[in-house]
Amino acid sequence: MSDTNLQRRFCIHGVSEAPSRAHLVEGLNFEDAALRFIEDHHPAPDDDDNLSLFVEDMETGQRQCFTIDLGSGEATPCD
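Once a new chain begins, its residue numbering starts again from 1 and follows that chain's sequence as written. Local features are withheld for residues below a pLDDT of 70 in this predicted model, meaning they are given only at 70 or higher, and side-chain atom pairs are given and counted only at 80 or more; totals for whole chains, interfaces and linings count all residues. Only hydrogens and water are set aside when side-chain values are computed; all heavy atoms of the structure are taken into account.

### As for the state of the cysteines
Reasoning step 1: In plain terms, two cysteine sulfur atoms within 2.5 Å form what is called a disulfide here. As enumerated under the stated definition, the model contains 1 disulfide in all.
Reasoning step 2: Summary of cysteine pairing: C11 is not part of a disulfide, and the nearest cysteine sulfur, belonging to C65, is at 14 Å.

Laid out in structure tokens, this is it:
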């Protein structure tokens, strides 16, 4: 099975942004989609080089929140 068969669609927007500002991104999982969003859209950090994002799986409706360190690319769950 190729990686393209494992891709899922996610809807992503900044925690401080309205959901209407969301973007559709394909990824292998929630974290992968969040990092792809950052690579493609280059959003401004919230503070101290960190960015918090809501990531929603378009198929299941499951939603997760991540804080991404834009310097290292490390993703951690939101507080």
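Once the structure has been displayed, the description carries forward.
### Quick word on the sheet that holds strand β5 (residues 75-77)
Reasoning step 1: Whether two strands pair depends on DSSP finding at least two bridges between them. For helices the rule is a DSSP run of H or I covering at least 4 residues; for strands it is a run of E covering at least 2, with both sets numbered from the N terminus onward. With antiparallel pairing, the 5 strands of this open sheet are ordered in space as β2-β1-β3-β4-β5. This sheet does not close on itself; its edge strands, each paired only once, are β2 (23-27) and β5. Each adjacent strand pair in this sheet contributes to an overall mean axis angle of 40 degrees, direction not counted. Fitting a line to C-alpha atoms yields each axis, with helices limited to the stretch in contact; the angle taken between N-to-C directions then spans 0 to 180 degrees.

### What about the environment of L6?
Reasoning step 1: Among the structural elements, L6 can be located in helix α1 (residues 3-6).
Reasoning step 2: Here the term buried applies to any residue with accessible area under 20% of the maximum for its type, exposed to any over 50%, and partly exposed to those in between, with areas from a 1.4 Å probe on protein chains only. Residue class for L6 comes out partly exposed when judged on its relative accessible area of 42%.
Reasoning step 3: Each C-alpha atom, one on L6 and one on A33, is 12 Å from the other, the two residues being 27 residues apart in sequence.

Any functional reading would require information that these geometric values do not contain.
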